[in-house]
Protein chains: 2
Amino acid sequence: MMTPAQRYERFLTDLKASGVRLTEQRKVIVKVLAEARDHPNADELYHRAYVLDGSVSLSTVYRTLRLLEDHGAIQRHDFDAGRARFENADTDHHDHLIDVDTGQVIEFRSERIEKLQAEIAAELGFDIVRHKLELYGRKRG
Amino acid sequence: MMTPAQRYERFLTDLKASGVRLTEQRKVIVKVLAEARDHPNADELYHRAYVLDGSVSLSTVYRTLRLLEDHGAIQRHDFDAGRARFENADTDHHDHLIDVDTGQVIEFRSERIEKLQAEIAAELGFDIVRHKLELYGRKRG
DNA sequence: ACGCAATTGCAAATCATTCGCAAATCAGTT
DNA sequence: AACTGATTTGCGAATGATTTGCAATTGCGT
Ligand SMILES: [Mn+2]
Ligand SMILES: [Mn+2]
Ligand SMILES: [Zn+2]
Ligand SMILES: [Zn+2]
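Residues numbered from 1 in each chain as written. Chains lettered and ligands numbered in written order. Predicted model: local features only at pLDDT ≥ 70, side-chain atom pairs only at ≥ 80, totals over all residues. Heavy atoms only, no water.

Chemist: Can you lay out the coordination of the zinc ion (ligand 4) for me, pointing to particular residues and giving the numbers?
Modeler: Residues and elements named next belong to chain B. Coordination sphere of the zinc ion (ligand 4), protein contribution only: His93 (NE2), Asp95 (OD), Asp95 (OD), Glu114 (OE) and His131 (NE2), at 2.0 to 2.6 Å. Mapping the donors of the zinc ion (ligand 4) onto the primary sequence gives the spacing H-x1-D-x18-E-x16-H. With Asp95 in strand E3 (residues 95–99) and Glu114 in helix H5 (residues 111–123), this residue pair connects regions lying 19 residues apart in the sequence. Given the relative accessible area of 3%, Asp95 is considered buried. Judged by relative accessible area, which is 17%, Glu114 ranks as buried. (Donors = N, O, S within 2.8 Å, 3.2 Å for Na, K, Ca; no water. Helix = DSSP H or I, 4+ residues; strand = E, 2+ residues; numbered from the N terminus. Buried < 20%, exposed > 50% of the residue type's maximum accessible area, 1.4 Å probe, protein only.)

In structure tokens form, the structure reads like this:
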């Protein structure tokens, strides 16, 4: 498991390798992403970055998110229609259970489900490129 | 399995029972929905309805879709972020495999996956309210 | 330190969907 | 069949998230 600091360095190395400039704004946004333990949306990331550096704009947050997503460094989710949510992509693959009452996002991983999905796709003559599994649930009374 | 004509009658009965007016526009939109075998978006439904009755507007399509969704008569999907897609909800529950090259949507149902999902949620202390399972795949070479 | 292409912030543009409102139309009641 | 009033409609404007144009700024190789 990577530490936030390790993730931060990895992001910077990634960006440098991809030939783009290491601007102050990008460093700050990347730092916020590296430290996030939840699944923040663009506006939340903007606010967290703005506290660290008032020269960060929402536009640049969006541009940086797209940049990192295209490089596979972060992942975009559309849990609730409307606002996209992000998380860094260095962790192992996992799926999500969303508490419909609180909005809390719980991560889980099931080998059996992953395998079943591949089997189903194979039966239909397909190879899976990616998939989306989201459970929306309520805490047991 | 219901025929389009049966679905159409069911939609109308549903609407009548819910106390709303059976306007010409609603009848046309509902007819288009009843006959749809794919997963059309609001704009596609609008065009199909407009051909049958030029007095249908996109606004009314959106309003009717919301009405039917609130009554559980149709289901909304967010396959690709951006545009919602719809299908009538009288069929059995199923999940979707989307061909990433053609956009074709293939329906499937797996008892094992449905059951596994419930087990996973239960282990985490939750009851599933609804879920989203979408496989994005490519035809085997 | 210099030079210039890449990047930024800001405001305006997009795109799907919703909303306000005056005009039209259902669906009962004479 | 005409009357009536609340519901529904089409239109255009508003919304909210995200993208984009552009002039000003800045990273970075020289
Ligand atoms: Mn996650
Ligand atoms: Mn379907
Ligand atoms: Zn998975
Ligand atoms: Zn399912």
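Chemist: How would you summarise the domain arrangement of chain A if you had to cite specific residues and measurements?
Modeler: Residue and element names in this part refer to chain A. Per the domain assignment, the segments of chain A are domain 1 (4–88) and domain 2 (95–137). One C-alpha centre belongs to domain 1, the other to domain 2; they are set 25 Å apart. Listed per partner, the contact involves 4 residues of domain 1 and 6 residues of domain 2. Here domain 1 packs against domain 2, burying approximately 480 Å² in sum over the two surfaces, 55% of which is carbon and sulfur. The largest share of the area that domain 1 buries against domain 2 comes from His39, Asp78 and Phe79, three residues that together contribute 82% of it. In this structure, the connection of domain 1 to domain 2 is made through 0 salt bridges. For the interface between domain 1 and domain 2, the tally reads 4 residue pairs in polar contact (both at pLDDT 80 or more). Among the residues making up the side of domain 1 that touches domain 2, the classes are represented as 1 nonpolar, 2 polar and 1 charged. (Domains from an automatic or database assignment. Contact = heavy atoms within 4.5 Å. Buried area = accessible area lost by both parts, 1.4 Å probe. Salt bridge = Lys/Arg side-chain N within 4 Å of Asp/Glu carboxyl O. Polar contact = N/O pair within 3.5 Å; in protein donor to acceptor, adjacent residues only side chain to side chain. Nonpolar A, V, L, I, M, F, W, Y, C, P; charged D, E, K, R; others polar.)

Chemist: Could you give me a rundown of the protein's contact with DNA strand D, with the residues and numbers involved?
Modeler: Around DNA strand D there are 21 residues in total, and Arg66 and Arg83 of chain A together with Ser55, Ser57 and Thr60 of chain B lie nearest to it. If you look at DNA strand D and keep only atoms within 4 Å of the protein, 67% of those are sugar or phosphate atoms. Between DNA strand D and the protein, one listed contact pairs a base oxygen with a side-chain N or O atom of Ser59 of chain A at 3.1 Å. Taking Gln25 of chain B, its side chain carries an N or O atom lying 3.1 Å from a sugar or linking oxygen of DNA strand D. (Near = heavy atom within 4 Å.)

Chemist: Would you mind going over the protein's contact with DNA strand C in detail, with residue names and values included?
Modeler: By nearness alone, 20 residues border DNA strand C, and Ser55, Ser57 and Thr60 of chain A together with Arg66 and Arg83 of chain B come closest of all. Each atom of DNA strand C within 4 Å of the protein was classed as base or backbone; sugar and phosphate made up 70%. In this structure, a phosphate oxygen belonging to DNA strand C sits 2.4 Å away from a side-chain N or O atom of Ser57 of chain A. Taking Ala84 of chain B, its main chain carries an N or O atom lying 2.9 Å from a phosphate oxygen of DNA strand C. Secondary-structure elements contributing two or more residues to the surface near DNA strand C are helix H2 (24–35) and helix H4 (58–70) of chain A together with helix H4 (58–70) of chain B. Here the element with the most residues in the surface near DNA strand C is H4 of chain B; it accounts for 4 residues. Looking at the surface near DNA strand C residue by residue, the classes come out as 5 nonpolar, 8 polar and 7 charged.

Chemist: Kindly report on the interface of chain B and chain A, identifying the contributing residues and their values.
Modeler: Contact residues are listed per partner, giving 33 residues for chain B and 33 residues for chain A. Summed over both sides, the interface of chain B with chain A buries roughly 3,300 Å², with 68% coming from carbon and sulfur. Taken together, the links from chain B to chain A amount to 6 salt bridges. Ionic pairing is found between Glu119 of chain B and Arg112 of chain A, a salt bridge with its closest N-O pair at 3.9 Å. Counting every contact that joins chain B to chain A gives 12 residue pairs in polar contact (both at pLDDT 80 or more). The element best represented in the side of chain B that touches chain A is strand E5 (residues 126–139) of chain B, accounting for 14 residues. Taken together, the residues of the side of chain B that touches chain A break down into 17 nonpolar, 5 polar and 11 charged. Strand direction decides the pairing type here: strand E5 (residues 126–139) of chain A and E5 of chain B, joined by 13 bridges, are antiparallel. Its bridge partner lying in E5 of chain B, Ile128 of chain A is registered against Gly137 of chain B. (Pairing = 2+ DSSP bridges.)

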